[in-house]
Amino acid sequence: MSAAFILAPSILSADFSRLGEQLETLEQAGADWIHVDVMDGHFVPNLSFGPFIMKVIKKHTHLPIDVHLMVSNPDALIPAFVDGGANWITVHAETCPHLYRTLQNIRVSGCHAGVALNPATPIESLSEVTHLLDLVLVLGNNPGFSGQGWFPEMGGKIKRVAEFLKQANSSAVIQVDGGMTADTLPEAYQAGARAFVSGSAIFGHEDGIMGGIRTLREQALFLV
Ligand code: DX5
Ligand code: ZN
């Protein structure tokens, strides 16, 4: 799969009192995917939303929906997100004792399959499933909250993931999630990431969502 530069705003940073309107603005502003951060208060120290959110999202966007499951038992939730219209489903390597089966199930359901790696999770946890991967998500910090910034070592990790995927002959997209701003995105791109999740830099931009997307998208002009 070839991907030039995919912007995936995370609705975790949205204003939930006007989520529908903000989803429509994201599409008009030129977002590529809608990133949905699902947290269970167990695998990560925060709670967000469950599959019900898909109905709201579907009602207000035509964009592909990219679900990031930060939950201890993703297998139990995958069917509901598939039914809700997810296009991409990413599970954490740390949460899947049967990662092979989980990825097979995601793909059989018609979605693209991704695996997320926490900062401390070794890339080698993917070595037996590279042929089942459509995406590798590299966390830019410890997952659970938006607006935490970027761990600079993650640039090196993205590079190693890119090298690892090349060796395995995999064309999986490298996605980076956490701490992406106009300052940090170029390093992640140069290291090999092609899909960029962003929460606070888009929703918290001084010129609103339009300004946030424009500022990140401008980076592509120099990079792609
Ligand atoms: C949970 C999430 C995020 C996030 C991005 O940690 O997966 O990484 O919503 O937020 P920002 O772009 O604000 O770091
Ligand atoms: Zn995420």
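These figures come from a predicted structure and were not determined experimentally.

A. Molecular detail of the site of ligand 1. Lining the immediate environment of ligand 1, one finds 17 residues, of which Gly 144, Gly 147, Gly 179, Gly 199 and Ser 200 sit closest. Between an oxygen atom of ligand 1 and a main-chain N or O atom of Gly 179, the distance comes to 2.8 Å. Gly 199 is positioned such that a nitrogen or oxygen atom in its backbone is 2.8 Å from an oxygen atom of ligand 1. For ligand 1, the protein covers 99% of the area, taking 380 Å² as the surface of the free molecule. Taking a 2 Å distance to the grid points as the criterion, the majority of the atoms of ligand 1 fall inside the largest pocket. Secondary-structure elements contributing two or more residues to the shell around ligand 1 are β2 (34–39) and β3 (65–70). Each residue belonging to the shell around ligand 1 can be placed in one class, and the counts come to five nonpolar, 10 polar and two charged.

B. Here's a closer look at the packing of helix α1 (residues 19–29) against helix α8 (residues 208–223). The interhelical angle for the contact between α1 and α8, taken along N-to-C directions, is 35 degrees, at an axis separation of 9 Å. When the axes of α1 and α8 are compared, the crossing they make is right-handed. Only Ile 209, Met 210 and Ile 213 of α8 make contact with α1, whose side of the interface consists of Gln 22, Thr 25, Leu 26, Gln 28 and Ala 29. Taken together, the residues of the contact of α1 with α8 break down into five nonpolar, three polar and no charged.

C. Region of interest: the nonpolar core. Core analysis: the largest hydrophobic core is formed by 65 residues, its most contacted members being Val 67, Leu 103 and Phe 196. The residues touching Val 67, leaving out its near neighbours within four places in the chain, are Val 36, Val 38, Met 54, Phe 81, Ala 86, Trp 88, Ile 89 and Thr 90. Ranked by size, the runner-up nonpolar core spans 11 residues in total, among them Ile 6, Ala 116, Leu 135 and Ala 195.

D. Structural view of the coordination of the zinc ion (ligand 2). At the metal site, the zinc ion (ligand 2) is ligated by His 35 (NE2), Asp 37 (OD), His 68 (ND1) and Asp 177 (OD), and these contacts range over 1.9 to 2.2 Å. Taken in sequence order, the residues that donate to the zinc ion (ligand 2) follow the motif H-x1-D-x30-H-x108-D. Comparing His 35 with Asp 37, the two get one shared label, buried.

E. The arrangement of the layout of surface pockets in detail. In this structure, the largest pocket spans a volume of roughly 240 Å³. Lining the largest pocket are 25 residues; nearest its centre among them are Phe 145, Ser 146, Asp 177, Gly 178 and Gly 179. Of all the secondary structure elements, the ones that give two or more residues to the lining of the largest pocket are β2, β8 (195–198) and α7 (200–203). In terms of residue class, the lining of the largest pocket is made up of nine nonpolar, 14 polar and two charged.

F. Spatial organisation of unusual backbone geometry. Of note in this structure, Asn 169 is not a glycine but carries a positive phi near 60 degrees. Turning to its location among the elements, Asn 169 is positioned in the loop between α5 (153–167) and β7 (173–177).

G. Summary view of the sheet that holds β3. In space, the eight strands of this open sheet follow the order β1-β8-β7-β6-β5-β4-β3-β2, with parallel pairing throughout. The open sheet has two edge strands, β1 (6–9) and β2, and neither has a second partner. Averaged over all neighbouring strand pairs, the angle between strand axes comes to 25 degrees, with direction disregarded. In the packing of helix α4 (residues 99–108) onto the sheet, the strands contacted are β4 (88–92) and β5 (112–117), and the crossing angle to β5 comes to about 145 degrees.

Basis of the calculations
Residues numbered from 1 in each chain as written. Chains lettered and ligands numbered in written order. Predicted model: local features only at pLDDT ≥ 70, side-chain atom pairs only at ≥ 80, totals over all residues. Heavy atoms only, no water. Near = heavy atom within 4 Å. Polar contact = N/O pair within 3.5 Å; in protein donor to acceptor, adjacent residues only side chain to side chain. Areas by Shrake-Rupley, 256 points an atom, 1.4 Å probe, with all protein chains shown as cover. 1 Å grid on protein atoms, 1.4 Å probe; cavity = no way out; pocket = protein on both sides within 12 Å on 5 of 7 lines; lining within 4 Å. Sits in = over half its atoms within 2 Å of the grid points. Helix = DSSP H or I, 4+ residues; strand = E, 2+ residues; numbered from the N terminus. Nonpolar A, V, L, I, M, F, W, Y, C, P; charged D, E, K, R; others polar. Axes fitted to C-alpha atoms, helices over the stretch in contact; angles between N-to-C directions. Left-handed = near helix turned anticlockwise from the far one by under 90°. Contact = heavy atoms within 4.5 Å. Core = buried A, V, L, I, M, F, W, Y, C linked by side-chain atoms within 4.5 Å. Buried < 20%, exposed > 50% of the residue type's maximum accessible area, 1.4 Å probe, protein only. Donors = N, O, S within 2.8 Å, 3.2 Å for Na, K, Ca; no water. Points joined across faces, edges and corners; volume = space filled by probe spheres on them. Pairing = 2+ DSSP bridges.

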